[in-house]
Amino acid sequence: MKRVFSGIQPSGIPHLGNYLGAIRNWVTLQEEHECIFCLVDLHAITVWQDPKELQEHTLQQTAVLLAAGIDPQRHILFNQSAVSAHARLAWIFNCVSRLGWLNRMTQFKDKAGKNRENHSAGLYVYPNLMAADILTYKATLVPVGDDQKQHIELANDIAQKFNHDYGTDFFPQIEPFTPPAARVMSLRDGTKKMSKSDPSEQSRIDLTDDADTIAQKVRRAKTDSDPLPSETEGLAERPEARNLVGLYAAVSSTPPEQVLAEFGGQGFGTFKSALADRLSTTIGPIADETRRLLDDRSHLLSVLRNGADRARAIAEPIVTEAEQLVGFLR
Ligand code: TRP
């Protein structure tokens, strides 16, 4: 059985894109793997976070993950900062990783933009910490989005160089796992990803939206004035139509072809109300359970503490051995 590790930023209530792109896959992976799921608060502060908000966001993210079906008894769910082994191994990896490697990271370039000089050193070494997250548990299977694949390659480079430099085969090879996930786009602009940072709430569906809110957001979603095509080729130049069809396909676990076989030739009216129904069926129960869980903060905290205790029990012997390999007296 492969050990799975994945991390998610504690950014508050996730939206539909986070759910269909990541959370839903995590839930499925639990069936056949030993899973360790981590709320990466150390990564979060690579850009400024209001402390109260970071706490609140971590609890909200926890509530949604539990509501969506993460099982904290059979698997492990915790926040990164509670297990100090991550930071210790990350420091070692800061010394193994090369500036030349980090300079190639496209995510840093995208995030830092032109104002590179003014970003935190943490943002720059972010991928080294991510490598440490995974290898702290010697996890070998890592579900990530496409945007994180380069970081997994870097993690493998770091593991290999560590093994080479210290004459060992201590760290295993990591395999990224990128199931074909729906790319969920903004409801206001089919060419932009659905995003928390979009100022318009109408652009996204949050995992706490109730049926009425979902129906209203879907009704107002941008479309063009043509009827839906009968073949997927007909969606090529129609980003908004493609997004809604993709969403319908994703929440009902059917291929887009099938969706168009049913709705092709019709206007958006019927389709949008069918889509809203499907979305409410999927998200409604998660939203209800999330609200219920958020009323019991001490339960959420105890889930995280219990997860951290069990994570630590796996992490400590591994990171202590890595420290010994480096020559630290332990
Ligand atoms: N960087 C990942 C993201 O933004 C989150 C993350 C942190 C992660 N550590 C990880 C993902 C380790 C997988 C494995 O999505």
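Cut-offs used in this document
- Residues numbered from 1 in each chain as written.
- Predicted model: local features only at pLDDT ≥ 70, side-chain atom pairs only at ≥ 80, totals over all residues.
- Heavy atoms only, no water.
- Helix = DSSP H or I, 4+ residues; strand = E, 2+ residues; numbered from the N terminus.
- Buried < 20%, exposed > 50% of the residue type's maximum accessible area, 1.4 Å probe, protein only.
- Near = heavy atom within 4 Å.
- Polar contact = N/O pair within 3.5 Å; in protein donor to acceptor, adjacent residues only side chain to side chain.
- Nonpolar A, V, L, I, M, F, W, Y, C, P; charged D, E, K, R; others polar.
- Core = buried A, V, L, I, M, F, W, Y, C linked by side-chain atoms within 4.5 Å.
- Domains from an automatic or database assignment.
- Contact = heavy atoms within 4.5 Å.
- Pairing = 2+ DSSP bridges.
- Right-handed = clockwise from strand over helix to strand, strands pointing away.
- Phe/Tyr/Trp six-rings, centres within 6.5 Å; stacked < 30°, edge-to-face > 60°.
- Lys NZ or Arg CZ within 6 Å of the ring centre and 35° of its normal.
- Salt bridge = Lys/Arg side-chain N within 4 Å of Asp/Glu carboxyl O.
- Buried area = accessible area lost by both parts, 1.4 Å probe.

Undergrad: Would you explain the environment of Ala 121 in this entry?
TA: Inspection of the secondary structure assignment puts Ala 121 in helix α7 (residues 121-135). Note on Ala 121: relative accessible area 61%, which makes it exposed. Separated by 128 residues in the primary sequence, Ala 121 and Ala 249 place their C-alpha atoms 41 Å from one another.

Undergrad: How should the site of the ligand be read in this particular structure?
TA: Lining the immediate surroundings of the ligand are Phe 5, Ser 6, Gly 7, Val 40, His 43, Tyr 126, Met 130, Asp 133, Ile 134, Val 142, Val 144 and Gln 148. Take Gln 148: an N or O atom from its side chain is 3.0 Å from a nitrogen atom of the ligand. Of all elements in the fold, only β1 (3-8) and α7 reach the threshold of two or more residues within the shell around the ligand. Counted by class, the shell around the ligand contains seven nonpolar, four polar and one charged residues.

Undergrad: Would you mind going over the nonpolar core with me for this structure?
TA: Counting 56 residues, the largest nonpolar core has Phe 271 and Leu 279 as its most contacted members. Broken down by element, this core gets its largest block of residues, ten residues, from helix α12 (residues 268-294). Inspection of this core shows a minimum of three residues originating in each of domain 1 (3-182 + 296-326) and domain 2 (201-292). In this structure Leu 279 touches Leu 16, Ile 205, Ile 214, Val 218, Val 251 and Gly 284, once residues within four positions along its chain are discounted.

Undergrad: What is the right way to look at the pairing of strand β2 (residues 34-39) in this model?
TA: Walk down a regular strand and you will see the side chains alternate between the two sheet faces. In terms of burial, β2 is a largely internal element, five of the six residues being buried. Relative to β2, β1 runs parallel, the two sharing six bridges. Across the sheet, Ile 8 pairs through a bridge with Leu 39, a residue of β2. Crossover handedness for the path β1 to helix α1 (residues 16-29) to β2: right-handed. Bridge count for β2 against strand β3 (residues 76-79) is four bridges, and the pairing is parallel. Within the sheet, the bridge partner assigned to Ile 36 lies in β3 and is Ile 76.

Undergrad: For this particular structure, what's the right way to read the packing of aromatic side chains?
TA: Centre-to-centre distance and the angle between the planes together describe a pair of aromatic rings. Applying the stated criterion across every chain yields a total of twelve aromatic pairs. For the pair Phe 170 and Phe 171, a centre-to-centre distance of 4.9 Å together with 70 degrees between the ring planes defines the contact as edge-to-face. Phe 170 sits in the buried class, given a relative accessible area of 7%. We classify Phe 171 as buried; its relative accessible area is 4%. Aromatic pair Tyr 248 and Phe 271: ring centres 5.5 Å apart, planes at 35 degrees, arrangement tilted. Residue Tyr 248 is located in helix α10 (residues 239-252), and its partner Phe 271 is located in helix α12; the two are separated by 23 residues in the primary sequence. We classify Phe 271 as buried; its relative accessible area is 0%. Through a chain of ring-to-ring contacts, three or more aromatic side chains come together here, namely Phe 93, Phe 162, Tyr 166, Phe 170 and Phe 171. In this arrangement the basic side chain of Lys 138 is found over the ring face of Phe 170, its NZ or CZ atom lying 3.7 Å from the centre.

Undergrad: Please explain the pattern of salt bridges as it appears in this structure.
TA: Oppositely charged side chains are able to pair whenever their charged atoms sit close together. Tallied over the full model, the rule gives 15 salt bridges. With its nearest N and O atoms 2.9 Å apart, the salt bridge here joins Glu 289 to Arg 292. You can see Glu 289 and its partner Arg 292 sitting in helix α12, three residues apart, about one turn around the helix. When its relative accessible area of 52% is taken as the criterion, Arg 292 is described as exposed. A salt bridge links Arg 330 to Glu 323, with the shortest nitrogen-to-oxygen separation between them at 2.3 Å. Salt bridges sharing partners connect three or more residues here, namely Arg 88, Glu 316, Glu 323 and Arg 330.

Undergrad: What's the story with unusual backbone geometry in this structure? I'm lost.
TA: The phi torsion of most residues other than glycine is negative, and most of the peptide bonds are trans. Its identity is not glycine, yet Lys 138 carries a phi of approximately 45 degrees, on the positive side. The topology assignment puts Lys 138 in the loop between α7 and β4 (141-143).

Undergrad: I tried to follow the domain arrangement of the protein chain on my own but got confused; where do I start?
TA: As a measure of interface size, the accessible area lost when the parts come together is often cited. One can read the domain layout of the protein chain as domain 1 (3-182 + 296-326) and domain 2 (201-292). Here the C-alpha centroids of domain 1 and domain 2 sit 31 Å apart. Between domain 1 and domain 2, the residue contacts involve 14 residues of the former and 16 residues of the latter. Together domain 1 and domain 2 conceal approximately 1,200 Å² of surface at their shared face, both sides included; 76% is due to carbon and sulfur atoms. Remark: the boundary between domain 1 and domain 2 carries zero salt bridges. Linking domain 1 with domain 2 are three residue pairs in polar contact (both at pLDDT 80 or more), by the criterion used here. Those elements that provide at least two residues to the side of domain 1 that touches domain 2 are α1 and α3 (51-68). The greatest single-element share of the side of domain 1 that touches domain 2, amounting to five residues, is contributed by α1. Counted by class, the side of domain 1 that touches domain 2 contains eleven nonpolar, one polar and two charged residues.

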